[in-house]
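Survey of secondary and tertiary structure
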Amino acid sequence: MTDTNRFFPKIKTSAFWQHANHYFDRVYQTMKLDELWRPVLASPRRVVSVSCPIRMDDGKIQVFTGYRVQHNNALGPFKGGLRYDMSVNLEEVMALAMLQTWKNALVGLPFGGAKGGVVCDPKTLSPGEKERLTRRYISQIMPVLGPDQDIPAPDVGTDAQVMAWVLDTYSMMVGHQELGAVTGKPVPLRGSVGREEATGRGVMCVLRKFLATQNKALGDVKVAVQGFGNVGFHTARLLEERGATVIAISERNGGIYCSTGIDTDAAGQYYRENGTLDDCPGCEALTNEEVLVCECDVLIPAAMENTIDEDIAPHIQAHTVVEAANGPVTPRADEILRENGVTVLPDILSNAGGVTVSYFEWVQGLDNYFWDLKRVQDELQRVMDRAFDAVNTQADEADCDYRTAAYTLAIRRVAEASSLRGLFP
Ligand code: NAD
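Given the structure is predicted, the values throughout are model-derived calculations rather than measurements.

With respect to the site of the ligand
Neighbouring the ligand are 24 residues, the closest being Asp155, Thr199, Asn230, Val231 and Asn326. In the environment of the ligand, an oxygen atom lies 2.6 Å from a nitrogen or oxygen atom belonging to the side chain of Asp155. For the ligand, whose unbound accessible area comes to 840 Å², protein coverage reaches 88%. For the shell around the ligand, the secondary structure elements donating two or more residues are α7 (230–241) and β7 (245–251). Across the shell around the ligand, the residue classes tally to 9 nonpolar, 10 polar and 5 charged. If you count residues domain by domain, the shell around the ligand takes at least three from each of domain 1 (46–176) and domain 2 (198–350).

Here it is in structure tokens:
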């Protein structure tokens, strides 16, 4: 296990950072790579911590804490999402930045990995407060951002509107419009068509490819989805559109169930209008835990990290878990699922559709040439299919699980790039 405190002596080690290191270390040890590079790959290149004072609507000043962690840029500029949530902490952001490095490498994007976060509850901020917070945070981390340096995107608690403020703040500060500085922008501001649903579409592509290896199709499976935000909603919607039966969905405060299949569009509209799935027409209420352990074929955690732990894992009935969220399955739960014959399709593969279309958006912004939806969807499918095939082949050849296979490919690419580049000075 990598000792975090060697690099950041004042940081208390949290579970998620330990988990990210565990997955990295476990695979690195099997790869016969030079041990000298191990701490280089395990440690973030740069950690920025800022405090952002904001004038609140009531006239008071509140100070928010924000982070940007840049993990590794051997393969290209840093790239990764920006999270607004009360649970954000430095080690969570470090873990997410590391996962992003492996994900970008696995799907072959010319990016390194980064992540940002601000400790706040975006639901309690007014639009004005959220805008001021975004602009202040971006202006404070400005020196480490840029289209060739580090490119943010949406994550939990942020959306296209937040990315519009990121674009505007960055562009105002450099004195010209810089479309390549951020992705996940609104389409009228030259965001990419197809970006909003891209993570869900990627999840759908990966599940479809996996089921094909089992001689099954999406129409053959009953699915439960945990989390009903950007990723959960679009995943559920696209799976239903392709013939899967989505029988259970949950959000932070509880879930719903319908044995014949939930109308995901209607549930999405209900959730947007009411901020809850409680009393959603045509559905029974379930607890969050009941959604995870319900009788289904495929379970898709699309909420937060560590939601499937060793307590819940033994009770999961699905034969396949697709990690749409980042880090939803803890290492111990991963082992239990494996022992129980459950296939886990890992986050760095399954949810890479979002960053892939972010890459397309970055390319379009730099070129000032914009693609239509069909091109975005076709190219996304090509990238996801190719990544799945590579992981599947590696898993077959090494006779290992999908997570090990995915990490092996990703770490190999980053390790090779790092050692080819060497150290400066
Ligand atoms: P979001 O803020 O849009 O939605 C999060 C959802 O999870 C909400 O519905 C919330 O109610 C629910 N939730 C939170 N805790 C829960 C719990 N314990 N049980 C059930 N539901 C819970 O966020 P998002 O953008 O959909 O991101 C979800 C996950 O996907 C995160 O792990 C994120 O890092 C990952 N991810 C997002 C993207 C993207 O493009 N947005 C890309 C790759 C990975």
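So, the packing of aromatic side chains
Two measures describe an aromatic ring pair: the distance that separates the ring centres and the angle between the ring planes. Inspection of every chain in the model, using the stated rule, returns 12 aromatic pairs. On the basis of an interplanar angle of 45 degrees and a centroid distance of 5.3 Å, the ring pair of Phe24 and Tyr28 is categorised as tilted. Taken as a pair, Phe24 and Tyr28 lie in helix α1 (residues 15–30) at a separation of 4 residues, close to a single helical turn. Counting every residue linked through ring pairs, the aromatic cluster contains Phe111, Tyr359, Phe360, Trp362 and Trp371. Stacked on the ring of Phe370, the Lys or Arg Arg190 has its end atom at 4.4 Å from the ring centre. Over the face of the ring belonging to Tyr23 we find Arg403, whose NZ or CZ atom lies 4.3 Å from the ring centre.

So, the domain arrangement of the chain
For the chain, the domain assignment lists domain 1 (46–176) and domain 2 (198–350). Centre-to-centre, using C-alpha coordinates, domain 1 lies 27 Å away from domain 2. Contact with domain 1, which involves 12 residues of that partner, is made by 9 residues of domain 2. Both faces considered, domain 1 and domain 2 share a buried interface measuring about 870 Å² in area, 54% of it formed by carbon and sulfur atoms. When the buried area of domain 1 at its contact with domain 2 is split by residue, Leu99, Lys103 and Leu106 rank highest and sum to 44% of it. Our count for the domain 1 to domain 2 interface comes out at 2 salt bridges. Applying the counting criterion to the domain 1 and domain 2 interface returns 3 residue pairs in polar contact (both at pLDDT 80 or more). Elements with a contribution of two residues or more to the side of domain 1 that touches domain 2: β3 (78–85) and α3 (90–106). In terms of residue count, α3 provides more of the side of domain 1 that touches domain 2 than any other element does, 6 residues in total. Looking at the side of domain 1 that touches domain 2 residue by residue, the class counts come to 5 nonpolar, 1 polar and 6 charged.

Rules used throughout
- Throughout, a residue's number is its position along its own chain's written sequence, starting from 1.
- Side-chain atom pairs in this predicted model are given and counted only at pLDDT of 80 or more, local residue features only at pLDDT of at least 70, and totals for whole chains, interfaces and linings cover all residues.
- Note that water and hydrogens are dropped before the side-chain values are worked out from all heavy atoms of the structure.
- A single heavy atom is enough: if one lies within 4 Å of a molecule or strand, its residue is considered near that molecule or strand.
- Here a polar contact is recorded for every N or O atom pair within 3.5 Å, except that within protein the pair must consist of a potential hydrogen donor and a potential acceptor, and residues adjacent in sequence are included only if both atoms are side-chain atoms.
- Where accessible areas are quoted, they stem from the Shrake-Rupley method and a 1.4 Å probe; at the residue level, only the protein chains shown are allowed to cover.
- Secondary structure is summarised from DSSP: a helix means a run of H or I of at least four residues, a strand means a run of E of at least two, and numbering begins at the N terminus for each.
- Residue polarity is assigned by list, with Asp, Glu, Lys and Arg as charged and Ala, Val, Leu, Ile, Met, Phe, Trp, Tyr, Cys and Pro as nonpolar; anything else, Gly included, falls into the polar class.
- Reported domain spans reflect what an automatic or database domain assignment gives.
- Pairing of aromatic rings covers Phe, Tyr and Trp, the last counted by its six-membered ring, and requires centre-to-centre distances within 6.5 Å; plane angles under 30 degrees mean stacked, over 60 mean edge-to-face, and any other angle means tilted.
- When the NZ atom of lysine or the CZ atom of arginine is within 6 Å of a ring's centre and also within 35 degrees of its normal, the charge is said to sit over that ring.
- Note on contacts: a residue pair qualifies if any of its non-hydrogen atoms lie within 4.5 Å across the two residues.
- Buried area, as used here, totals the accessible surface that two parts lose on assembly, with accessibility defined by a 1.4 Å probe and the loss added over both.
- In the sections that follow, a salt bridge refers to a side-chain nitrogen of Lys or Arg positioned within 4 Å of a carboxyl oxygen of Asp or Glu.

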